Amino acid sequence: MEEQIEQAVAFALSPTADQSLKSQAMNFCEQIKASLDGWQLGLSLFVRFPKSTPEARLFALQVLEGVMQNRFSSLDKSQVNHIQSTLMEFVKREYVIGEGDGDELSTEPQYLKNKFAHTLTLLFVQMYPSDWHNFFDQFLELIQTNTVNGNKTNIRVADIFLRILISIDDEVANIEIQRGKEQANRNTAIKDNMRAGDVQKLASTWYELLSEYRVRNQDIAITCLNIIGLYIAWIDINLIVNDAFIVLLYELLNDTRLRIAACECLTEIVCKGMKPAEKLKLIEILNLTNVMGNLDLTDDIEFVEHVAKLTNVLGVELCKIWEADTATKAAAYGQIELLLPFLLKFLANEYDDVSCAVFSFVSALQAIFKKQKKQAGSLAGSQREFIDSLLKVIVIKMKYDDETDWGGTEEDEVEEAEFLEMRKNLKTFFDAIYNIDEQLFTSYVHTAVINTLDKYQRVGNSIDWRELELALHVLLLYGEAFKGQLIFVLKHNNEIIAFTPLGEMVSKMIQCNISTYPHPSMPLIFFENVARYYQFFEVQPDCIPTVLGAFVDLRGLHNAILQIRTRSWYLFHRFVKLLKSRMGPYVETVLTNIQDLLVVQANLSSIDVSDGTITKDQAMEGGFDDQIYLFETVGILITVDTIPTERQTEFAKIVINPLLADIERNLSKVMSEPEDLLHVLQLHHLIIAIGSIGKGFPDALKTEVPTAEWVVLLKQSVEVILVAFKALSRFEIVRESARFAFARFVNVLGVEILPYLPELITGLLNESQVSELVDFLPFIGLLSHKFNPSIYDILNELICPLVTKIFYVLNQTPSGTDEAMLLLNLRKAYLGFILSLLNVGMDAVFISDLNQPRLESILQSVVHYASDPADVPSARTAFNILSKTLVLWGGPIQSSTNNTSTNSGRPLPGFEQFMYDHILRICFEVPMKPEFCITDGQSNLILNEISSILKTMYSLRGHELLDYLRRVWLPLDSADEFLQALQQLELKEFRKYFQTYVQRSKS
């Protein structure tokens, strides 16, 4: 049988075996694992001599593990004892006696050693201490057996025993592994028994092994140090922190082969969970600052990083002590002060990994400084000196180093990305210093930036680009750290008398013409700054031409480097938009200089069109998503208030007419070449471009008919777009672009766009896929909000076909995760659409003669989604909808009423029955569902909605509702209390009561 197992394992693992044989072999192996006597075969196969193949022996251990993890209770005592004795005999044969001269490790493969250690551990956790109380004694005795060459211990036994100890910690003490209650209780009992006596023996053994193997075999010594670091979390710290052990650990810190492991071990000792006062005493005993001061931290950067991590842990622990215990604050801070030189040293290290290693300490320390300043009003002189040093180090670390370049090869890009990520973290510390000491912060930043810009003016382009980039980066961060309004100048009697430090820095940056520096990083960081500090140009408008000149030439919008060029398009858009009122004198010049950038050129080279389609995401690739910022900027420039409307119209024609002509040209080509998707993509781009220009135009008031001369041109654009849309609405990207453009023209043209909407809406509805419906519904909601009540007739015609399509889609069974997410998003969009109509007073469309027959199915769908606690946001929206319908249609019907008006608040025949049969029903059913989690914050919001519904129903129906609740929904023992609360409590108090009521009912 053992031979069969060997063959089966070989076939199962062979990459060249016949698939049929491979399948049979795997089935056979699974049968062995599942069979009642499979463990006996596995045990015999593993310990057999001569040895089987390593693969077969690994499988044998897997069989044994399966039994011990899943079916140990099925073994009787004799079988357990047999496994125990057999495995221990194997230990003696393989590890005590072994092969070779006795000073070599076992030749077993590493993975087999580890697997065997884990198997023995699983047996240990089942038998210790009751049935195997001398487990550790046995191994400690074996370690002393068959030693050679005057050595104190057997290296092979030491090796396997340390592996077993690692496995025991993993199985019993590792807090990162989730365990059931029974397993957790078992592990606690094992640790308690080990702590009662065996751990003391282990600690003595670790000391002996370290003393011996620091010279004899460093791998064993490193493993031993790792084990101490693992076990220290749950054993008596005095077993390790004593004179003998600590002296040994500190000696190992100076051993180049063992110092990293020793440092990691000390880090774990410092991390041990202890009470604040006890932890402080431990730190004082360790006196690590004195030890670290004597270490050689020059040649081994990996060791330096580990010492930095030790410093970080030590600092964080001391900060925790300072935060937690008033009695130890002074002593804790005294220890922190001893660490500050190390913190600055490691933070300033040229290797970023070393710097990042102390980030947590920096953060914790800054939190202390903030609290100290809040309590005392200011920091001590020594603390301000440290803050000043810290700020300098942070800024220096933000500088590109000599080996990291801006842009470049793929390898450079990876290094730069890592550097920029570190910069983000450093920014957090930079901002914190502003909050700790604003005066010191501003003084340093101002001096650093001005000095660098002065140097640039003195030496010109010979200055290192990294210095300039750092200065402008720090200037940019200054504004982001600043709280409140940015002030650039000081005034007296409304006259500017001086620049503020920020104003001086921005002014200097512009005056020294830094954007001309011949490095690609410089214009970009310059544009980031001018866009960030646009308010400066409100008080210094004479600087605007300089900035616009830099934007429109080869430094910015026309830059040869794609990254700079496209980012400049966005920053230019932001700059112009925020300073629109100041742009009048420059519009014609700017438009002339960017005319060549307003050419739309679609490109299919990077898009897979093998299936004959282009998605909306694909359509925006290739840089076009950045180019639309230019078109929107053009719209802003064209409509600057200081330009006469006739001149605005001229500018608009110059920009828009070529795009309209291109639409007509490409539409003609698509008609003659329907398979050429390039023309379809070009049409998409052109329509998006025109819509983006429209976005830059000013909004018309809700009921206003815009009178500007350019309105005629925009209406012509709408007509051309609609022609293209009707001809090519079968293409998703054409539908998407038309919806995009109309959504922007809605705000600009106001009611003038209404005649064009029916054809657009009908086309979108007929052709839209699921993903488009999710965008289509908010679009209709926008129109309803913008044009209520003018859009009533359009909506009235739309509701039935729209709801029919949505119901058809939502009733489909999703074929995968992506489709399920689409349907979920459509559900949310559908409910949001209904709610938006009710919110803007368009409820009349639901009860019109045309749509009222469909109203019940709409309401039933809302009830259905309100009843699904698996989708809490949708359920909450659904309850919100039902709450609004109650107010609109839930009041008592007056017999004398013969009102055919569609005004809000009209009682609706038949709604009363729906209210009692469905709305009231789910108010009690939903919270009582087992899957409804009353402790979840979102679910509490649903309970609030339900509470509002119940209060609204009571206000509308009065005692009729109370009688119904008593008869149908409320238990006799709680009815009076509930009804009294409903009648007497205000909504806020009733919400609290209802939550308590639900909790009580479910308990």
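Residues numbered from 1 in each chain as written. Predicted model: local features only at pLDDT ≥ 70, side-chain atom pairs only at ≥ 80, totals over all residues. Heavy atoms only, no water.

Participant: Looking at this model, I keep getting lost on the overall build of the protein chain. Mind explaining?
Facilitator: The helix and strand tally for the protein chain stands at 45 helices and two strands. For the protein chain, whose C-alpha radius of gyration is 38 Å, the value lies well above the compact-globule estimate of 30 Å for 1003 residues. Taken along the three principal axes of its C-alpha coordinates, the protein chain extends 105 × 90 × 70 Å. A fraction of 73% describes how many contacts in the protein chain between residues 6 or more apart in sequence connect residues 24 or more apart. With an accessible surface of roughly 45000 Å², the protein chain has 50% of that area assigned to carbon and sulfur atoms. Across the protein chain, the mean location of the 89 positive side-chain charges is 5 Å away from that of the 128 negative side-chain charges. (Helix = DSSP H or I, 4+ residues; strand = E, 2+ residues; numbered from the N terminus. Rg over C-alpha atoms; globule rule 2.2 N^0.38 Å. Contact = heavy atoms within 4.5 Å. Areas by Shrake-Rupley, 256 points an atom, 1.4 Å probe, with all protein chains shown as cover. Lys, Arg positive; Asp, Glu negative; His and termini not counted. Charge placed at Lys NZ, Arg CZ, Asp CG, Glu CD.)

Participant: Honestly, helix α11 (residues 243-252) in this entry has me stumped. Any pointers?
Facilitator: Each turn of an α-helix holds 3.6 residues, which means side chains three or four residues apart point in the same direction. Along α11, the positions that sit buried rather than exposed are Phe245, Ile246, Leu248, Leu249, Tyr250 and Leu252. On the buried face of α11, the contacting elements are α9 (181-216), α10 (218-231), α12 (259-271), α13 (276-286) and α14 (288-293). (Buried < 20%, exposed > 50% of the residue type's maximum accessible area, 1.4 Å probe, protein only.)

Participant: Would you explain a negative patch on the surface in this entry?
Facilitator: Taken together, the side chains of Glu350, Asp353, Asp402, Glu403, Glu415 and Glu418 make up a negatively charged region of the molecular surface. Looking at where glutamate 403 falls in the secondary structure, it is placed in the loop between α19 (381-397) and α20 (410-436). (Patch = residues over 30% accessible without salt bridge, like charges linked within 9 Å, V, L, I, M, F, W, Y side chains within 5 Å. Salt bridge = Lys/Arg side-chain N within 4 Å of Asp/Glu carboxyl O.)

Participant: Is there a simple way to think about the pattern of salt bridges in this case?
Facilitator: Close approach of charged atoms lets side chains of opposite charge pair. Applying the stated criterion across every chain yields a total of 51 salt bridges. Ionic pairing is found between lysine 309 and glutamate 305, a salt bridge with its closest N-O pair at 3.7 Å. You can see lysine 309 and its partner glutamate 305 sitting in helix α15 (residues 301-324), four residues apart, about one turn around the helix. Given a relative accessible area of 35%, lysine 309 falls into the partly exposed group. Linking lysine 455 and glutamate 467 is a salt bridge whose minimum nitrogen-to-oxygen distance equals 3.1 Å. Of the two residues, lysine 455 sits in helix α21 (residues 438-459) while glutamate 467 sits in helix α22 (residues 465-481), which places them twelve residues apart along the sequence.

Participant: Would you mind going over the packing of helix α41 (residues 911-928) against helix α43 (residues 959-969) with me for this structure?
Facilitator: Each pair of packed helices can be summarised by the angle the axes make with each other and by the distance between the axes. In contact at an axis separation of 12 Å, α41 and α43 are set at 55 degrees when each is read in the N-to-C sense. Between α41 and α43, the interaxial angle falls into the category oblique. Remark: the crossing between α41 and α43 carries right-handed chirality. Between α41 and α43, the contacting residues are Glu912, Tyr916, Asp917, Leu920, Arg921, Phe924 and Glu925 on the first element and Glu960, Leu961, Tyr964, Leu965 and Trp969 on the second. Its residues assigned to classes, the contact of α41 with α43 comprises seven nonpolar, no polar and five charged. (Axes fitted to C-alpha atoms, helices over the stretch in contact; angles between N-to-C directions. Parallel < 35°, antiparallel > 145°, perpendicular 65-115°, else oblique. Left-handed = near helix turned anticlockwise from the far one by under 90°. Nonpolar A, V, L, I, M, F, W, Y, C, P; charged D, E, K, R; others polar.)

Participant: Where do I start with the nonpolar core in this structure?
Facilitator: Nonpolar side chains tend to gather and get buried jointly when the protein is soluble and globular. Met194, Trp206, Ile269 and Phe978 are the most contacted members of the largest nonpolar core, which totals 365 residues. When residues of this core are assigned to their parent elements, the largest contribution, twelve residues, is made by α15. Excluding its chain neighbours within four sequence positions, the residues that come into contact with tryptophan 206 are Leu165, Cys224, Ile227, Ile228, Tyr231, Ile235, Ile240 and Phe245. (Core = buried A, V, L, I, M, F, W, Y, C linked by side-chain atoms within 4.5 Å.)

Participant: Help me understand helix α18 (residues 359-376) in this model?
Facilitator: The terminal C-alpha atoms of α18 lie 26 Å apart, and with 18 residues this matches the ideal 26 Å at 1.5 Å per residue to within 8%. Those residues of α18 lying buried are Phe359, Phe361, Val362, Ala364, Leu365, Gln366, Ile368, Phe369 and Gln372. (Expected span 1.5 Å × (residues − 1).)

Participant: Can you help me understand the environment of threonine 546 in this one?
Facilitator: If you trace the backbone, threonine 546 turns up in helix α26 (residues 544-552). Residue classification places threonine 546 among the partly exposed residues on the basis of a relative accessible area of 37%. Taking the C-alpha atoms as reference points, threonine 546 and glycine 334, separated by 212 residues in sequence, lie 54 Å from one another.

Participant: I keep staring at the packing of aromatic side chains and nothing clicks. Help me out?
Facilitator: Two aromatic rings, taken as a pair, are described by how far apart their centres are and by the angle between their planes. By the definition in use, this model includes 51 aromatic pairs. Ring geometry for phenylalanine 551 and phenylalanine 572: centres 5.4 Å apart, planes at 55 degrees, overall tilted. Taken together, the positions of phenylalanine 551 in helix α26 and phenylalanine 572 in helix α27 (residues 562-578) put the pair 21 residues apart, joining distant regions of the chain. Seen in terms of ring centroids, tryptophan 889 and phenylalanine 911 are 5.9 Å apart; in terms of plane orientation they differ by 80 degrees. Their pairing is edge-to-face. Here phenylalanine 911 lies in helix α41 and tryptophan 889 lies in helix α40 (residues 872-889), a separation of 22 residues in the sequence. Looking at tryptophan 889, the relative accessible area reads 2%, which means it is buried. An aromatic cluster is defined as three or more aromatic residues linked by ring pairs; in this entry it consists of Phe488, Phe499, Phe526, Phe527, Tyr533, Phe536, Phe537, Phe551, Phe572 and Phe575. (Phe/Tyr/Trp six-rings, centres within 6.5 Å; stacked < 30°, edge-to-face > 60°.)

Participant: Explain the confidence of the model for the protein chain here, please?
Facilitator: Regions with low pLDDT should not have their predicted coordinates read in detail. Averaged over all residues, the pLDDT of the protein chain is 93; the fraction at 70 or higher stands at 97%. Here residues 895-904 scores under 50 on pLDDT; set against residues more than four positions off or in separate chains, the count is seven contacts. (pLDDT = per-residue confidence, 0-100.)

Participant: How do you make sense of the packing of helix α42 (residues 937-957) against helix α44 (residues 975-984) when you look at a structure like this?
Facilitator: Two elements in contact, α42 and α44, have axes separated by 9 Å at closest approach and are oriented at 75 degrees. The orientation of α42 with respect to α44, classified from their angle, is roughly perpendicular. Mapping the contact onto sequence places Leu950, Lys951 and Tyr954 in α42 and Phe978, Leu982 and Gln983 in α44. Looking at the contact of α42 with α44 residue by residue, the classes come out as four nonpolar, one polar and one charged.

Participant: Honestly, the pairing of strand β2 (residues 495-499) in this entry has me stumped. Any pointers?
Facilitator: If a strand is regular, its side chains alternate between the two faces of the sheet. With four bridges joining them, strand β1 (residues 489-492) and β2 adopt antiparallel strand pairing. Directly across from lysine 491, in β2, lies its bridge partner isoleucine 496. Between the end of β1 and the start of β2, which pair antiparallel, lie two residues, with asparagine 493 showing a positive phi angle near 55 degrees. (Pairing = 2+ DSSP bridges.)

Participant: How should I be thinking about the side chain of histidine 573 in this particular structure?
Facilitator: Looking at the secondary structure, you find histidine 573 in helix α27. Side chain to side chain, histidine 573 and glutamate 632 meet in a polar contact 3.1 Å long. (Polar contact = N/O pair within 3.5 Å; in protein donor to acceptor, adjacent residues only side chain to side chain.)

Participant: Honestly, the side chain of aspartate 431 in this entry has me stumped. Any pointers?
Facilitator: Relative to the helices and strands, aspartate 431 resides in helix α20. Accessibility expressed as a relative area gives 14% for aspartate 431, which makes it buried. Sequence-distant contacts of aspartate 431, defined by excluding residues within four places in its chain, comprise Leu477 and Ala481.

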